[in-house]
Amino acid sequence: MNDSNVTPIQSVNTYGTDDRPAIADFPLQVGKSPVIQVHEPDAGTVMDIEEAGSTRAVLRLFLGTDFDKIEEHLNAVQPDVLVDIAGDLSRHFKLSATQAKVNRADRRRAARGR
């Protein structure tokens, strides 16, 4: 093999090798629902959240099996509260793509209020 045709790599951006501490759970209570602890989503769930097309889908992904425990309480709140919950979870777990969707929803809601 002729190494003269190989360009040496100067630096490589490497991801997923750091052992950062997990983000703390997000305690959530909706109305008089039981308090649930929302855990930091794994990478696959984050990608699913970012592709989710509805607030219900986003919340179901964030809450996992706990969604069923508080679904009736979620159904009873004003729609903007659902967007607020999704936004708070996104901010807490530092999910910028999901936060951008929430920001767009906030702008649409503000525009309707005018």
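In this text the structure is predicted, and so the values were computed from the model without any measurement.

Parameters at a glance
Residues numbered from 1 in each chain as written. Predicted model: local features only at pLDDT ≥ 70, side-chain atom pairs only at ≥ 80, totals over all residues. Heavy atoms only, no water. Salt bridge = Lys/Arg side-chain N within 4 Å of Asp/Glu carboxyl O. Helix = DSSP H or I, 4+ residues; strand = E, 2+ residues; numbered from the N terminus. Buried < 20%, exposed > 50% of the residue type's maximum accessible area, 1.4 Å probe, protein only. Polar contact = N/O pair within 3.5 Å; in protein donor to acceptor, adjacent residues only side chain to side chain. Contact = heavy atoms within 4.5 Å. Core = buried A, V, L, I, M, F, W, Y, C linked by side-chain atoms within 4.5 Å. Axes fitted to C-alpha atoms, helices over the stretch in contact; angles between N-to-C directions. Left-handed = near helix turned anticlockwise from the far one by under 90°. Nonpolar A, V, L, I, M, F, W, Y, C, P; charged D, E, K, R; others polar.

S.K.: Requested: an account of the pattern of salt bridges, with residues and values cited.
M.R.: Tallying each qualifying case throughout the model produces five salt bridges. Its salt-bridge partner being E71, residue R56 comes within 2.8 Å of it at the nearest N-O pair. Taken together, the positions of R56 in helix α2 (residues 55-63) and E71 in helix α3 (residues 67-76) put the pair 15 residues apart, joining distant regions of the chain. Taking the relative accessible area as the measure of exposure, R56 reaches 42% and is therefore partly exposed. Its relative accessible area of 24% is what places E71 among the partly exposed residues. Here D68 and R60 are joined by a salt bridge, their closest N and O atoms 3.5 Å apart. The exposure class assigned to D68 is exposed, which follows from its relative accessible area of 53%. Residue classification places R60 among the partly exposed residues on the basis of a relative accessible area of 37%.

S.K.: Tell me what's going on with the side chain of S33, and back it up with residues and numbers.
M.R.: Among the secondary structure elements, S33 is positioned in the loop between β1 (26-28) and β2 (36-38). Overall, S33 belongs to the buried group, its relative accessible area being 2%. Side-chain polar atoms of S33 contact the backbone nitrogen of V30, separated by 2.9 Å. The contacts of S33, once residues within four sequence positions are left out, are I70 and H73.

S.K.: Outline unusual backbone geometry, supporting the account with residue identities and numerical values.
M.R.: The residue K94 is not glycine, and still its phi comes out positive at about 60°. Following the sequence through the fold, K94 ends up in the loop between α4 (79-92) and α5 (96-113). Judged by relative accessible area, K94 falls into the exposed class, the value being 65%.

S.K.: I'd like a description of the nonpolar core, backed by residues and values.
M.R.: With 21 residues, the main nonpolar core has L28, V38, F62, L63, L74, L89 and F93 as its most contacted residues. Breaking this core down by element, the ones donating at least two residues are β1, β2, α1 (43-51), α2, α3 and α4. Ranked by residues supplied to this core, first place goes to α2 with four residues. Sequence-distant contacts of F62, that is, excluding residues within four places in its chain, are made with V38, P41, I49, A86, L89, S90, F93 and L95.

S.K.: Before we move on, can you summarise the packing of α2 against α3 with the specific residues and values?
M.R.: Between α2 and α3, whose axes approach to 10 Å, the crossing angle comes to 145°. Between α2 and α3 lies a crossing of right-handed hand. Only F67, D68, I70, E71, L74 and N75 of α3 make contact with α2, whose side of the interface consists of R56, L59, R60 and L63. Here the residues of the contact of α2 with α3 are counted per class, giving five nonpolar, one polar and four charged.

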